Amino acid sequence: MINIKYDSEVIYPYTYDSSNLRGSADLLLIPKSIDELSESLKYCFDNNIKVTISGAGTGITGARVPFGGAIISTERYKQIEISSDLNFVKCGSAVTLKELEDYLEQLNRFLPPNPTEYNASIGGNTATNASGARTFKYGAIRQYIHSLTIVLMNGDILYLTRGQNFVNDNNATIISTNGNNYNFNIPNYQMPNIKNASGYYVRENMDVIDLFIGSEGTLGVFYEIVLKVLPRPEYILGGVIYFDDNNKLFEFVSNLRNLSRGDNSIINSRLIEYFDRKSLDLLKPKYNEIPDLAVGAIWFEQEYSNENEEILLESWYEFISNFTTLIDNTWFAMNSKEHERLKEFRHELPLQVYENLTNNSQKKVGLDTAVPDDKFNILFQHYLDKCPALSLEYVVFGHIGNSHLHANIFCKNDEEYTKAKIFYDETIELSLSLGGTVSAEHGIGKLKTDYLVKMYGDKAVESMRNLKRDLDSKYLLNVNTMFLEN
Ligand SMILES: Cc1cc2nc3c(=O)[nH]c(=O)nc-3n(C[C@H](O)[C@H](O)[C@H](O)COP(=O)(O)OP(=O)(O)OC[C@H]3O[C@@H](n4cnc5c(N)ncnc54)[C@H](O)[C@@H]3O)c2cc1C
């Protein structure tokens, strides 16, 4: 027997996420088990009620924000279990990244990609193919997803395991536990070969499980997720390096990227993260040691073994000194307390951005584009030249190792918003013209659907709608997320 809540005060906390978007819903269901989840979806299917799936609500594209209909919250799926060989962890979709990380730490294991927002759920991370600082070395969460338990809009249940079901000649078939056959065509647009979280994942002869990862809840609800995990590295060297010249900072990043991707260098970073001067200004009240002369900073981390510690430290020191006069201001980290400080420094930035917005009732325009590495100099120079010329408050930061930066422009009124939006559109145009993506990390959600059309074209987006209809025949699940209904 499913329990339906209609009280608007109870529903309210599920009607927004970490973007500015606010919605509303008529009813809320919080199913306890997979059977209840299936029953809840079937109830909505039979009654033609649109459903929005709610994870932890840390998304920044409005993806989980409902506009009418029902909300199904996954919050009760908190089960967590490690395999006997310690290589796989089975998680309920509501387990948060923090809960998973703490659990794995006791077992000396870790989940490599490391998205920044610890309150996000593993279900949400799977639905958005989340990535993070360590994606430079380890890729996005997709690569660690081994199997998925999914409930479709009509209540049918699917178990998908990596390596067991592939697309053949653009066509795929999946069979639900009650024997229903789903046969569908995969859209055949070309995805850019870079970090990307825009639209359904499509590749020739791909594994069918990859279609669901990053599908932003438009194809089914994840009940349980099995992730591949790795042994924690023995030792890690980290550092925040300050630069007094942006050209030198850019050169440093290009060199570090090449060394880390080559085979023969002792220098081999697992993350390369950027902070522009405006980001440092935002952090300065909490971190007074930030040097005034710095125009930007880079955070790096490298895994190593005990034997080469001395030579590694010397190599890094020598390498850094070729690119900055502020080498003595570098914050190095070798033990867990020092690493925690650098992690917090990085995490503090999006938190400050969020606080800035809520405390000052401002609006934000946030870019999440990435481009191929050999075109990144153009995007980087665009940010350096055009952001100050806007005469608005902004920060530019993020995953420079993947040629992927977040530019956030803060707007106090409509006039500023219009100005920021023009810059946003120009930057997306530029990124796409360089072979880039609209969203490398946060997904399309409800805020960027127009830009998905710009990226792939009308025909490709229509083929996404057709695919959705094959798995959600009444078109009820997470409607108007990723692409508009028509
Ligand atoms: C301060 C801050 C830092 C951030 N840093 C990062 C970062 O480093 N990397 C990154 O990738 N993102 C980052 N994000 C964005 C956000 O954390 C991710 O998009 C995250 O994956 C969303 O998870 P959630 O559980 O909060 O999902 P929600 O916001 O609840 O939902 C997001 C989407 O996933 C769907 N969904 C949720 N659960 C399920 C499920 N069980 N089954 C099917 N669909 C589901 C929803 O319907 C919605 O479409 C950050 C956000 C903030 C506020």
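In what follows, the structure referred to is the one given above.
All figures in this text were calculated on a predicted structure; none of them were measured in a lab. (Residues numbered from 1 in each chain as written. Predicted model: local features only at pLDDT ≥ 70, side-chain atom pairs only at ≥ 80, totals over all residues. Heavy atoms only, no water.)

**Q** How should the packing of aromatic side chains be read in this particular structure?
**A** The description of an aromatic ring pair rests on the distance of the ring centres and on the angle between the ring planes. Following the criterion strictly, the structure yields 23 aromatic pairs and no others. Judged by centre distance (4.8 Å) and plane angle (65°), the ring pair of tyrosine 77 and tyrosine 223 falls under edge-to-face. Here the residue tyrosine 77 occupies a position in the loop between strand E4 (70-73) and strand E5 (80-82), and tyrosine 223 occupies one in strand E12 (residues 221-228), the gap between them amounting to 146 residues. Comparing tyrosine 77 with tyrosine 223, the two get one shared label, buried. Centroid distance tyrosine 242 to tryptophan 331: 5.5 Å. Interplanar angle 70°. Geometry classified as edge-to-face. Pair noted here: tyrosine 242 is in strand E14 (residues 235-243) and tryptophan 331 is in strand E17 (residues 331-333), with a separation of 89 residues, a long-range link. Relative accessible area serves as the criterion here: at 0%, tyrosine 242 is assigned to the buried category. Taking relative accessible area as the criterion, tryptophan 331 reaches 8% and is therefore assigned buried. Through pairs of rings, three or more aromatic residues link up here, namely Phe243, Phe252, Phe300, Trp316, Phe319 and Phe323. The ring of tyrosine 16 carries the charged tip of arginine 22 above its face, separated from the ring centre by 4.5 Å. The positively charged end of lysine 468 is found above the aromatic ring belonging to tyrosine 475, 5.1 Å away from the centroid. (Phe/Tyr/Trp six-rings, centres within 6.5 Å; stacked < 30°, edge-to-face > 60°. Helix = DSSP H or I, 4+ residues; strand = E, 2+ residues; numbered from the N terminus. Buried < 20%, exposed > 50% of the residue type's maximum accessible area, 1.4 Å probe, protein only. Lys NZ or Arg CZ within 6 Å of the ring centre and 35° of its normal.)

**Q** Can you help me understand the sheet that holds strand E20 (residues 406-411) in this one?
**A** Backbone hydrogen bonds hold the strands of a sheet together, and the pairing may be parallel or antiparallel. Judged by pairing direction, the sheet is antiparallel, and its seven strands sit side by side in the order E17-E14-E16-E15-E19-E20-E18 without closing on themselves. Edge positions in the open sheet fall to E17 and strand E18 (363-367), since each of these has one partner strand only. The average undirected angle you get between the axes of adjacent strands in this sheet is 15°. With six bridges connecting them, strand E15 (residues 271-276) and strand E16 (residues 296-304) associate as antiparallel partners. (Pairing = 2+ DSSP bridges. Axes fitted to C-alpha atoms, helices over the stretch in contact; angles between N-to-C directions.)

**Q** What am I meant to see in the sheet that holds strand E3 (residues 51-54) here?
**A** Sheet architecture is open: four strands sit in the order E1-E2-E4-E3, paired in mixed fashion. The sheet is open, and its two edges are formed by strand E1 (4-5) and E3, each paired on a single side. Those strands touched by helix H2 (residues 34-46) are E1, strand E2 (27-29), E3 and E4, and its axis lies near 170° from that of E4. (Contact = heavy atoms within 4.5 Å.)

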